[in-house]
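Secondary and tertiary structure notes
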Amino acid sequence: MPVRFPRLRAPALAVSVALAAAGLAAHAAPVAPPATPVRDVPQVLHGTTVPDPYRHLEDVKHPATQDWLKAQGAYAEQALAALPERARFAQRLADVNRSTGDQVRQLVRLPGDRLFYLKRAAGEAQFKLVTRDGLAGAERVLVDPEALTRAHGVPHAINYFTPSWDGRRLAYGVSAGGSEDASLHLMDVATGRPLGEPVPRVQQDGVSWTPDSRFVAYNQLRALPEGSPATEHYLDSTVFLLEAGAPAASARALFGPLVNRELELERLDVASLQFHPDSRFMVARTTDTTVPEGKLFVARVADLAEPAISWRPLSRFEDAITDVVLHGDTLYLRTHKQAPRGRWLALALREGGGIEKAKVVLDAPPRAVVKGLLPAADGSLLAELSEGFNTRVMRHAAPGQPGVDVAAGRPGSTFLLDDRAHAQGGVWMGTSTWTEPPRIVRSAGPGQPVEDTGLLKLQVPPGTPALAVRELLVPSHDGVQVPLAVIHRADRVPGTPAPTLLVGYGAYGFSMEARFNALSVPWLEQGGVMALVNVRGSGAFGDDWHRAGFKTTKPNTWKDGIAAARWLVAERYATPQTLGIWGTSAGGIFVGRAVTEAPDLFAAAIFDVGIMDAIRAEESANGITNISEFGTVKDPVEFRALLQMSTYHQIRDGVRYPAVMLVHGVNDPRVDVWQSAKAAARLQAASTSGKPVLLRLDGQAGHGVGSTAGQQVSKMADIYAFLRAQMVLPGGAGASTVPAAAR
C-alpha cells in the first residue's frame, strides 16, 4: 500500500473572497512556509565541490521530514484556496469534464471483432475496463477500480491489461494511490471470476499470452529485504510463465539475468516476451525501462516444453532497435541506426541468424519520421509518419511501395489502434486535432471511405469560443529552427499581450502531438494563450533531434525553451509579466533551467513532478534507469553535464525568481518527491522577489498515472489560478484579455 499522507482538499466550488490579484504575497495571506534547516552535505566529484544543503529531505520517511512535508503542503493548500480565481476555475473545469463526454482509451481489437478498452463515463472518477462483441454489442464492465477505492479508501487504477488471443481470459494490473506498484490479476472473461491469486510486483506493461491462450508471461521484480538500496529496485527482474488459474508459486522462471547467465545480460536488462497466435517463435526483448533500445533474443514456442530454452541472440543495444512487431514468423524491427528519422526492417526468423539478415521494408521519406507499424491481414503495411506536430497513417501495398494516406482529407492526425493479432481486414484509427476532440474511425480497406465507429463521442465543451492555431518554426540561440504551436481565441486582437503559458518537455525522443485538451478550455476562453514547443531532446525531427538535447547537449533543451519564450514576448503574445512556463517529469529540466537561467523572462512557473536534482537522481530506484538518457556522475564529462541540468544546484542566492509552484504526488515511483522538496526549500531561501514558492502535495497520488478526474480538476484549478494571480496585464492586474465583443 502507498504511504498514508493527508490528501489536498479540493476547496468548495464557491465564489472566493475577492482579493488583490497581484500575487500571493499581496493577499491577506496564510502564514509563511515552514523554515527548512540547512544541513549541508558537500560532495567532491571529479575535483568539484557540490553543495547539498537539503540532503536530509531525501529521507522522506523520517518524522521530521514528514512533518516538514505536511506543513509545506498545508501552507500551499491554504494559499491556493485563497486565490480569487481558484473556485471559478475549479467549477469550470468540473463542468468541462462532465460536458465533454465519456473518455475511451487503449482500445484492443481481437479476431471476431471482440473489443476491450478503458472507459471513464462523464462525471465518474476513474477508468473502468470494459468489453463488447463488436460495435453492436452491449458493454460489460470487467474491472471497476472504484470498488477498490471504496473498500480501501485510497484511489485505485488499472495500469495495464492484456486479453488472451481467444478473448476468454484477461490479465490486468492494478495499483493504489498513484504508486504504480501493480499486482497482476487474471480473470475468466465470461464469468468475471478471478483465476488464481494476484501476483505482486508486476509493475511493467508487456504482459503477454502464449499462442494457445493458456499461459501468461510477465516480468516480476524481486522481493527485496528491508533496508535495501533504492537502486536495487529494478535490477535482476525475471520473466515468469504461469498457467492461468495455477498457484503463483508454480510459475516458471523463463528469462532474465538470474536465469540466463550464459547470455551475459546486465542487471538492468528488464525483459518482456512477445508472442503471436500464428507464430512458431517467441521474442524476448530487454530495455532499462527508460530508453527503448536494448537486446533481442528468439526461441521456438515449442521449447517451452523443454527443461531449458536455447535463446538465439538477434540484436544488441548498438543496433538501436526501438520497436518490434512479431507477425507470424516475421519479426519487424524499427531502428534509427544510420536512419535518424527511423527505418523498419523485416527479419525471417525461420532462416536463422540475427539482425544482419534483416531487410529494409520501409524508410522514412524526406522531412517525416517513421513511427508505428502494423502488418495488415491483406499483406500491406500500415505505418505512422510524423511531421511537425501531426501524424498520419499511411498504407504501403508492399514493402518499398510509396504510402497512401488512409484517411486523406481528414484534418489533423491519425494514429494506429491496437490490432495485436493482425487479423483484421480493415484499419481502425484514432484522430486528433488541436481544436476538435478525438474520434475512433475505421476504413474497411484500400479505397474504402473512413467512417466514425461511434465508440468515442466527445464534444467541444459548450461555451467554448472558436480557437485559432499557428504552427511555425522559431530560431533558437544557435539559429536552429524549433517547432512551436500557439493556440488562442480566434478573436484575439493581434499584438495584445495576454496570460500565456509555454509548455515543453524535451526528453527520450518524445514529442508533443496536435491533440485537443478539454482541460485547456478554461484557460483559453478567458483570453489565455497556450504555446507548446518541441525543443531538442524530443523526437520532432527524429533521433538527431533527440540527441541534440541529450546528456552533454542537454542545454539546448532549455535554451530552445527560452528562445520560444522570447519569441512570444517579441511577437506581443505576452510580456515577462504575463508569461508562465510549465514542465512535467523530465520536463522539469526544461522548466527549471529556463527559470534559473532567465528568471526575468517569466512571471510564474510550474515545476510538475520534475527532475530537480540531477546529481542525486541516480541514487533513486527509477533514477538509475535514466542514466542512459541523462548520464552518470561517475563519468567526469557526464557529471559536468548533469551539474548544468540540475535546477537545484543552479539556484543562486539573492536572485529575483518568478513565482514557482512545485507539484508532486507523495507516492511518485518515477521522480521521488524529495526532488521537489529540495528545490522548494532552496528557492524559498534564495529568492528575493517576494513571490511565492509553493510545494503542492497530494498524498494519494504519484506521477499522475491513475489520478482520478477529481484529482486532475483540482490540480489544474490550482495551476491556472496560481498563474493568473502572478500575471500583471497591461492596464493593471485586473485588465481583461477577452475581446469586448465577446464579454
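Residues numbered from 1 in each chain as written. Predicted model: local features only at pLDDT ≥ 70, side-chain atom pairs only at ≥ 80, totals over all residues. Heavy atoms only, no water.

1. A short note on the nonpolar core
We apply this condition: Within this scheme, the nonpolar core is defined by two criteria: the residues are buried Ala, Val, Leu, Ile, Met, Phe, Trp, Tyr or Cys, and they are joined through side-chain atoms within 4.5 Å. Here's how the labels work: a residue is buried when its accessible area is under 20% of the maximum for its type, exposed when over 50%, partly exposed in between, all with a 1.4 Å probe on protein chains only. Runs of H or I in DSSP of at least four residues are treated as helices and runs of E of at least two as strands, each being numbered from the N terminus. By the convention used here, residues are in contact when the closest approach between their heavy atoms is within 4.5 Å.
Formed by 111 residues in total, the largest nonpolar core has its most connected members in Leu 484 and Leu 502. Counting residues per element, this core draws most heavily on helix α12 (residues 709–726), at nine residues. Each residue touching Leu 502, except ones within four places of it in the same chain, is listed here: Leu 484, Ala 531, Val 533, Gly 561, Ala 564, Ala 565, Leu 568, Gly 580, Ile 581, Trp 582 and Phe 590. In this structure, Leu 184, Tyr 218, Ala 251 and Ala 421 belong to the second largest nonpolar core, which totals 19 residues.

2. Here's the deal with the pairing of strand β3 (residues 103–110)
Let me state the cut-off plainly: For two strands to be treated as a pair, DSSP must find no fewer than two bridges joining them.
Bridge count between β3 and strand β4 (residues 114–120): six bridges; the pairing is antiparallel. When the bridges of β4 are listed, Leu 110 appears paired with Arg 114. Where β3 folds back onto β4 in an antiparallel hairpin, the turn is made up of three residues, including Gly 112, whose phi is positive at roughly 85°.

3. Brief notes about the pattern of salt bridges
As a reminder of what qualifies: Note on definitions: salt bridges are taken to be side-chain nitrogens of Lys or Arg within 4 Å of carboxyl oxygens of Asp or Glu.
The final tally for this structure, using the stated rule, is 44 salt bridges. Between Arg 132 and Glu 139 there is a salt bridge, and its shortest N-O distance comes to 3.8 Å. Looking at Arg 132, the relative accessible area reads 15%, which means it is buried. Relative accessible area serves as the criterion here: at 34%, Glu 139 is assigned to the partly exposed category. One network of salt bridges, with partners in common, ties together Asp 52, Arg 55, Glu 58, Asp 613, Arg 616 and Lys 678.

4. So, the packing of aromatic side chains
Keep this limit in mind: The aromatic pairing rule takes the rings of Phe, Tyr and Trp, using the six-membered ring of Trp, and pairs them if the centres are within 6.5 Å, calling planes under 30 degrees apart stacked, those over 60 edge-to-face and the rest tilted.
Within the structure shown, the criterion is met by 11 aromatic pairs. Plain terms: the ring middles of Tyr 505 and Tyr 508 are 6.4 Å apart, the flat faces sit at 45° to each other, and that makes the pair tilted. Assessed through its relative accessible area of 16%, Tyr 508 is described here as buried. Consider the rings of Phe 541 and Trp 545, whose centres lie 4.9 Å apart with planes at 85°: the pair is edge-to-face. Through successive ring pairs, a cluster of aromatic residues spans Tyr 505, Tyr 508, Phe 510 and Phe 630.

5. As for the environment of Ala 302
As for its position among the elements, Ala 302 is in the loop between β16 (295–300) and β17 (312–315). Ala 302 sits in the exposed class, given a relative accessible area of 56%. Sequence separation of Ala 302 and Leu 642 is 340 residues, and the distance between their C-alpha atoms is 47 Å.

6. A closer look at the pairing of strand β27 (residues 427–432)
Burial analysis of β27 places six of its six residues in the buried class, the great majority of the element. The two faces of β27 match: Val 427, Met 429 and Thr 431 on one face and Trp 428, Gly 430 and Ser 432 on the other face are all buried. As judged from the four bridges shared by strand β26 (residues 413–416) and β27, these two strands associate in the antiparallel manner. By the bridge assignment, Phe 415 is partnered in β27 with Gly 430. Two elements, β27 and strand β28 (residues 440–443), share four bridges in a ladder whose sense is antiparallel. Across the sheet, Trp 428 pairs through a bridge with Arg 442, a residue of β28.

7. Some points on the environment of Glu 264
With respect to the helices, strands and loops of the structure, Glu 264 is situated in the loop between β13 (252–255) and β14 (270–274). With relative accessibility at 68%, the residue Glu 264 sits in the exposed group. Taking the C-alpha atoms as reference points, Glu 264 and Val 595, 331 residues apart in sequence, are found 44 Å from one another.

8. Notes on the sheet that holds β3
So the rule is basically this: Orientation is described by lines fitted to C-alpha atoms, with helices fitted over the stretch in contact, and by angles between N-to-C directions that extend from 0 to 180 degrees.
Read from one edge to the other, the open sheet built from four strands follows the order β3-β4-β5-β6, with strand pairing classed as antiparallel. Since the sheet does not close on itself, it has two edges, and those belong to β3 and β6 (140–143), each with one partner. Across the sheet, the mean angle separating the axes of adjacent strands is 30° when strand polarity is ignored.

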